[in-house]
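Secondary and tertiary structure notes
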Amino acid sequence: MPEAVITTALRTPVGTAVKGTLRDTTAFELADHIVKAVASGLDPDAVDDLVLAEGLYGGGVIARHAALTAGLPAVPGLAVNRHCAAGLSAVQTAAANIRAGMDELVIAGGVNSSSTAPRQAFRVDGEWVQPWMPPTHPERPDAPGNDMSIPIGWNTAVAAGLSRADMDAWALGSHQKAVRAIDEGRFEAETVPIETPHGTFAVDEHPRRDTSMEKLSALKPLHPEIEGFSITAGNACGGNDAAAALVVVSDRLGLPALATVRSWASVGVDPAETGFAPVHAIPKALKRAGVDLSDIGLFEINEAFASVPLAAIKLLGLDPDTVNVNGSGCSLGHPIAATGARMLVTLVHELRRRGGGLGVAAMCAGGGMGSATVIEVHAP
């Protein structure tokens with residue numbers, strides 16, 4: 001089989017939803033912008049497909065919209081939705097089609113605008129409920145369908161024996177790492193500025209420079225009615241807007257490559273144990289790649305809640321210093337459908353900065369799902 005290699009990996013800056021710089025920039029505009037950026041220099045006739053993750057947009061295929069805007073009229077477009085893991089799944093879909101020999105060059109990634117997502121209506125017991133959000137799974141007391149702070153954040157913390165202090169400390173470190181990465185210019189090679197109604201947006205705006213353990217510990221729990229509940233807005237991800245895309249091609253084309261997609265795996269777990277999905281997806285993906293945990297240089301494990309990477313570190317025996325070295329959901333934010341692709345983009349560039357090596361991007365997804373992707377980044 002041909003290998004699937006990554007030749008380009010870019011993203012927009014991540015904006016804070018509703019109040020941030022991207023608040024009036026739609027998912028369509030974000031997708032148009034990032035696809036144009038990664039397609040620059042490509043022969044339009046060589047692009048076989050465009051696969052974009054999208055969520056909360058009520059149908060349609062944003063990828064086709066972006067293809068037409070980017071001057072790729074012969075490229076059909078495919079929408080992918082695996083909730084939070086959709087961005088990873090889009091790249092996995094591209095890699096699978098290339099390894100199967102069906103495609104040779106695919107643009108893949110994800111886009112999310114929590115700021116401009118439409119508010120939907122749904123008929124329940126003869127009455128229209130609005131706004132309505134599609135549930136991730138059947139409603140259960142231990143796993144509410146539209147409140148991830150319980151099935152992901154809280155259940156994971158309890159089962160893994162994580163304290164409020166553990167999660168607040170990880171969240172603080174996430175902000176500190178993201179701010180350091182911004183100040184050191186680590187994101188510059190992967191970030192494409194975008195013009196917005198509020199000016200040029202070039203730098204991630206969600207990380208907080210002034211946060212502290214004192215400020216985090218002062219935040220109220222999201223569910224004070226639950227005894228001991230320790231999930232807060234501080235140790236959870238933000239609501240965010242962004243887009244990310246990668247060019248994935250067959251190695252037989254002979255194009256200069258940044259990385260090779262070695263393997264991937266997705267899993268299902270009980271919805272009440274969603275936060276543990278990366279713990280199951282990572283070993284499965286590693287086995288398919290023929291490598292061990294000890295072979296992995298860096299991990300990106302999305303901080304939907306701080307409890308998720310902490311649980312993976314504890315249960316898999318990971319070195320904390322190799323996990324989310326430039327921050328993650330608690331600091332950079334979680335632009336849902338774009339996050340998986342954003343993580344891969346950042347992982348590619350950070351491993352390149354360190355001279356190459358193996359990396360894993362993994363995340364849980366609402367409804368008891370999770371996914372992981374193993375990449376091997378080539379030395380510059």
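One structure accompanies this document, and this report is about it. In this text the structure is predicted, and so the values were computed from the model without any measurement. Throughout this document, residue positions are counted from 1 along each chain, in the order its sequence is written. Totals for whole chains, interfaces and linings use all residues, but because this is a predicted model, local features are given only for residues with pLDDT of at least 70 and pairs of side-chain atoms are given and counted only at 80 or more. Hydrogens are left out, water is left out, and the side-chain values use all remaining heavy atoms of the structure.

**Focus: helix α4 (residues 149-160)**
An α-helix turns once per 3.6 residues; consequently, residues spaced three or four apart project the same way. Working definition: with a 1.4 Å probe on protein chains only, accessible area under 20% of the residue-type maximum means buried, over 50% means exposed, and in between means partly exposed. In DSSP terms, a helix is any run of H or I states spanning at least four residues, a strand is any run of E spanning at least two, and both are numbered starting from the N terminus. The buried fraction of α4 is high, at 10 of 12 residues. Buried residues along α4 sit against α5 (164-183), α8 (307-316) and β13 (357-365). Count one or two residues on from α4 and you reach Gly161, which has phi positive near 70°. Here, residues are in contact when the closest pair of their heavy atoms is within 4.5 Å.

**Remarks on the packing of aromatic side chains**
Each aromatic ring pair is specified by the distance between its two centres and by the angle formed by the two planes. Note on aromatic contacts: the rings of Phe and Tyr and the six-membered ring of Trp form a pair at centre separations within 6.5 Å, being stacked when their planes are under 30 degrees apart, edge-to-face when over 60 apart, and tilted otherwise. All told, the structure shown has one aromatic pair when counted by the stated rule. Here, a charge over a ring means that NZ of Lys or CZ of Arg falls within 6 Å of the ring centre while also lying within 35 degrees of the ring normal. The residue whose ring lies beneath Arg11 is Phe187, and the NZ or CZ to ring-centre distance is 4.8 Å.

**Description of the pairing of strand β10 (residues 240-250)**
Every other side chain in a regular strand lies on the same face of the sheet, so the side chains alternate between the two faces. For β10, the buried fraction is high: 11 of the 11 residues fall into the buried class. When strand β1 (residues 4-11) meets β10, the two strands line up antiparallel, connected through seven bridges. Counterpart to Ile6 in the pairing with β10 is Val248. Sheet analysis places strand β2 (residues 15-16) next to β10, joined by two bridges and oriented antiparallel. Directly across from Thr16, in β10, lies its bridge partner Asn240. At least two DSSP bridges between two strands are needed for those strands to be called paired.

**Things to note about helix α3 (residues 86-99)**
Here, expected helix span is obtained from the residue count minus one, scaled by 1.5 Å. Compared with an ideal rise of 1.5 Å per residue, which puts 14 residues at 20 Å, α3 spans 20 Å between its outermost C-alpha atoms and is within 8% of the ideal. Burial of α3 is extensive: 11 of the 14 residues sit out of reach of the surface. All buried positions along α3 are accounted for by Ala86, Gly87, Leu88, Ser89, Ala90, Val91, Gln92, Ala94, Ala95, Ile98 and Arg99. A positive phi of about 80° marks Gly101, the residue just after α3.

**Focus: the environment of Pro151**
Turning to its location among the elements, Pro151 is positioned in helix α4. With sequence-adjacent residues up to four places away left out, Pro151 is seen in contact with Asp142, Ala143, Pro144, Thr156, Pro271, Ala272, Glu273, Thr274 and Gly275.

**As for the environment of Ile301**
Within the element layout of this structure, Ile301 appears in strand β12 (residues 296-301). A sequence separation of 22 residues divides Ile301 from Val323, and the C-alpha atoms of the two residues are 6.9 Å apart. Excluding anything up to four places from it in sequence, Ile301 contacts Pro278, Ile282, Val308, Pro309, Ala312, Leu318, Val323, Asn324, Ser328, Met343 and Ala362.

**Quick notes on the environment of Ala9**
In this structure, Ala9 sits in strand β1. The class for Ala9 is buried, based on a relative accessible area of 2%. Apart from the residues lying within four places of it in its own chain, the contact partners of Ala9 are Glu190, Ala245, Leu246, Leu258, Val345 and His349.

**Comments concerning the side chain of Asn240**
Within the element layout of this structure, Asn240 appears in strand β10. On the basis of relative accessibility, which here comes to 0%, the residue Asn240 falls in the buried class. Polar contact criterion, stated in full: a pair of N or O atoms within 3.5 Å, where within protein one must be able to donate a hydrogen and the other to accept it, and residues adjacent in sequence count only if both atoms are side-chain atoms. For Asn240, the side chain forms a polar contact with the main-chain oxygen of Gly15, separated by 3.0 Å. Side-chain polar atoms of Asn240 contact the side chain of His206, separated by 3.3 Å. Asn240 has contacts with Val14, Gly15, Thr16, Ala17, Asn112, Ser114, His206, Leu332, Gly333, His334 and Pro335, leaving out every residue within four places of it along the chain.

**Quick look at the nonpolar core**
Think of a nonpolar core as a cluster: buried Ala, Val, Leu, Ile, Met, Phe, Trp, Tyr and Cys residues, connected wherever their side-chain atoms sit within 4.5 Å. Counting residues in hydrophobic clusters, the biggest one holds 47 residues, and the most contacted among them are Ile282, Phe299, Ile301 and Val360. Listed by contribution, the elements that provide at least two residues to this core are α4, α5, β11 (259-268), α7 (277-289), β12, α8, β13 and β14 (369-377). Looking at this core, the element that brings in the most residues is α7, giving seven residues. Within the second largest apolar cluster, 39 residues are counted, among which are Ala94, Leu344, Leu347 and Leu351.

**Thoughts on the pattern of salt bridges**
Take a side-chain nitrogen of Lys or Arg and a carboxyl oxygen of Asp or Glu: if they are within 4 Å of each other, that pair is a salt bridge. Enumeration according to the criterion identifies 12 salt bridges in this entry. One salt bridge connects Glu190 with Arg11, and the closest N-O pair in it is separated by 2.6 Å. Taken together, the residues span a long stretch of sequence, with Glu190 in the loop between α5 and β8 (194-196) and Arg11 in strand β1 at a distance of 179 residues. Residue Glu190 shares its accessibility class with Arg11, and that shared class is buried. For the salt bridge of Arg186 with Glu350, the shortest nitrogen-to-oxygen distance reads 3.6 Å.

**Some thoughts on a nonpolar patch on the surface**
Within this analysis, patches are made of residues with over 30% relative accessible area and no salt bridge. Like charges are joined at 9 Å or less; nonpolar side chains (Val, Leu, Ile, Met, Phe, Trp, Tyr) at 5 Å or less. All accessible-area figures derive from a Shrake-Rupley calculation using a 1.4 Å probe, and residue coverage is judged against the displayed protein chains alone. On the surface, Phe122, Val124 and Val129 cluster together to form a nonpolar patch covering roughly 210 Å² of accessible area. Tracing the backbone shows Val124 in strand β6 (residues 120-124). Looking at Val124, the relative accessible area reads 35%, which means it is partly exposed.

**A few points about the state of the cysteines**
We call a pair of cysteine sulfur atoms a disulfide when they lie within 2.5 Å. Using the criterion set out here, one finds zero disulfides in the structure. In this structure Cys84 is not part of a disulfide, and its nearest cysteine sulfur, from Cys364, lies 6.2 Å away. Owing to a relative accessible area of 15%, Cys84 belongs among the buried residues under this scheme.

**Here's the deal with unusual backbone geometry**
For His83, which is not glycine, the phi dihedral falls at a positive 50°. Tracing the sequence through the fold places His83 in the loop between β4 (78-80) and α3. In this structure, Asn324 takes a positive phi of about 50° despite not being glycine. With respect to the helices and strands, the residue Asn324 is situated in the loop between α8 and α9 (336-353).

So yeah, pure geometry; function would need other evidence.
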